[in-house]
Amino acid sequence: MSTASTALVQRAPTTLWGWGANKRVDCFVDQPQTPAQVGRSLAQPPGNAGSVARGLGRSYGDAATNERGQVLDLSTLDRYLGFDPATGTLECEAGTSLAQIIADFGPRGFFPAITPGTKYVTVGGCIANDVHGKAHHTQGSFCECVESMTVLLASGEVVRASRDERADLFWANFGGMGLLGVILTARLRLRPITTTYFRQRAIKVNDLDAMLAALEEYDHEPYSVAWIDPFATGARLGRGVLTVGDHAEPGDLPPALARDPLQLSGGPKLTVPFEAPEIVLNKLSIRMLNVVLETVLGRGKPIAHYEKFFYPLDAIGEWWRGYGRRGFTQWQFVIPLEDGPARMRQILEAIAVGGQLPFLNVLKKMGPASEGILSFPFEGYTFAIDFPVRDGLPELLAELDRMVLDAGGRIYLGKDSYLAPDTFRAMYPQVERWLEIKAKYDPEGVFRSDLGRRLGLS
Ligand SMILES: Cc1cc2nc3c(=O)[nH]c(=O)nc-3n(C[C@H](O)[C@H](O)[C@H](O)COP(=O)(O)OP(=O)(O)OC[C@H]3O[C@@H](n4cnc5c(N)ncnc54)[C@H](O)[C@@H]3O)c2cc1C
């Protein structure tokens, strides 16, 4: 937890990027250390391109950058304000990371109730993207664990928002991409746990129909996620490995683990030291990496620590550098269940023959949508895949975006760098309602970001 009390205000521009490192822009970064300092920084923005909050920069695209404008780095706003062990309710500042919550509350038998695939995210960032995890089909998205939040508005006023108080502001913040105000604090419900381990099963599947059938068959399992071979075509299209699991009880653990059932682990064991030259990335190397991945996933042990179960990528620090100087993007969509298998097949075929280098991917079934006005998830199939940036990628993504739109689906803004504004509007039918709420709470359009300008949200 940070204890510093003085502001560290930098007025020289700093080059910033999202996790995909595919667009690097100069921004004026302030790092306020207290909520009062956030207010003072916001009142004196350097540049004239507005302000946006930033957490740990794990959004892949341009959500937390603001070219020539102010970026409020809130990652040191990480104090706990209260905890009730009877209910697991934690009140904390919005820059608190899930990694910090796990480190401090894991040993006391509590875990974040909803978590994405990295723990290096802040509570504010999780709200702004209404993040989802492996359990979306059974537990919903991040809003399910948030009781209330306090928000610094453009006017300088700090207000509370919850399901009962300023409900419009509350729900517009889920998927609101930091464009309504700065979330200063939040009250969250943590999940009681008896171990930090998971029971898991890996199921190897030979084609897409079998994979979607397996997702259906194991729908009752609290956590499920699949990886598919992005190079498999024809009859083998969609082959891959489905992993399902649930929290382990102490009695599930072998004696060596049962001695310390709430064990934590340290930070990344390995860090990519510099940006890989592009030559490293070719079709053969990516294909081989995918084969290795399939082998490793297929041999998953029956008991997995939360680090391996939830956060396998956190084991390698700064892994985005491995994709080279031009960076990469993650493209994630959700499409409705109805007609989903046929649409999914068309999209996967277009990726397989698209001439790009598809890599890490995740396929899963999502549950019902939340009330978050611009929240991404709804009931259907979601698929996320990494592409290193190479010539022709934006054109392929535009074609894929159109296929998703035709299927009645949408793209996840937390990962996106390339979506066109008209396609975005067609995908998110509640955008007009959200813009009305934006006009109510930020009438001068103080909160702006590169993503906001690109998509017409700011
Ligand atoms: C390895 C990896 C795996 C991931 N897996 C998943 C996954 O499984 N599911 C999923 O949903 N996402 C996933 N993500 C994406 C990630 O969870 C989200 O992008 C998350 O929002 C990042 O949080 P952050 O603190 O880094 O926020 P940033 O990326 O810094 O900011 C994200 C957005 O939040 C806003 N914001 C941040 N703090 C505040 C605040 N205090 N007040 C107002 N707005 C704020 C920013 O303006 C921006 O719009 C993954 C990312 C990585 C790198």
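Bear in mind the structure is a predicted one, so any value in this text is a computation, not a measurement.

Conventions used here
- Residues numbered from 1 in each chain as written.
- Predicted model: local features only at pLDDT ≥ 70, side-chain atom pairs only at ≥ 80, totals over all residues.
- Heavy atoms only, no water.
- Axes fitted to C-alpha atoms, helices over the stretch in contact; angles between N-to-C directions.
- Helix = DSSP H or I, 4+ residues; strand = E, 2+ residues; numbered from the N terminus.
- Parallel < 35°, antiparallel > 145°, perpendicular 65-115°, else oblique.
- Left-handed = near helix turned anticlockwise from the far one by under 90°.
- Contact = heavy atoms within 4.5 Å.
- Nonpolar A, V, L, I, M, F, W, Y, C, P; charged D, E, K, R; others polar.
- Domains from an automatic or database assignment.
- Buried area = accessible area lost by both parts, 1.4 Å probe.
- Salt bridge = Lys/Arg side-chain N within 4 Å of Asp/Glu carboxyl O.
- Near = heavy atom within 4 Å.
- Polar contact = N/O pair within 3.5 Å; in protein donor to acceptor, adjacent residues only side chain to side chain.
- Areas by Shrake-Rupley, 256 points an atom, 1.4 Å probe, with all protein chains shown as cover.

### Here we look at the packing of helix α6 (residues 208–217) against helix α10 (residues 340–352)
With their axes 11 Å apart at the nearest point, α6 and α10 run at an angle of 130 degrees to one another. When the axis of α6 is compared with that of α10, the two are oblique. The element α6 and its partner α10 pack so that their crossing is right-handed. On α10, the residues touching Leu208, Asp209 and Leu212 of α6 are Pro341, Met344, Arg345 and Leu348. Classifying every residue of the contact of α6 with α10 gives five nonpolar, no polar and two charged.

### Quick notes on the domain arrangement of the protein chain
Taken as a whole, the protein chain is organised into domain 1 (82–152 + 166–194) and domain 2 (197–419). Centre-to-centre, using C-alpha coordinates, domain 1 lies 22 Å away from domain 2. Regarding the contact of domain 1 and domain 2, the summed buried area is about 3,000 Å², with carbon and sulfur atoms giving 59% of it. The largest contributions to the domain 1 side of the interface with domain 2 come from Lys134, His137 and Thr194, which together make up 26% of the buried area. Here domain 1 and domain 2 share two salt bridges between them. A salt bridge links Lys119 to Glu307; its shortest N-O distance comes to 3.0 Å. If you list the elements that add at least two residues to the side of domain 1 that touches domain 2, you get α2 (98–105), α4 (136–139) and α5 (167–173). Among the residues making up the side of domain 1 that touches domain 2, the classes are represented as 14 nonpolar, 15 polar and five charged.

### Digging into the site of the ligand
Taken together, 35 residues surround the ligand, and among them Ala53, Gly55, Thr122, His132 and Tyr412 come closest. Within the backbone of Leu56, one N or O atom sits 3.1 Å away from an oxygen atom of the ligand. One nitrogen or oxygen atom from the main chain of Met177 is found 2.9 Å from an oxygen atom belonging to the ligand. Protein chains shield 96% of the accessible area of the ligand, which is 970 Å² for the free molecule. Within the residue set of the shell around the ligand, elements represented by two or more residues are β3 (51–54), α3 (123–128) and β10 (182–192). Residues of the shell around the ligand, tallied by class, amount to 19 nonpolar, 13 polar and three charged.

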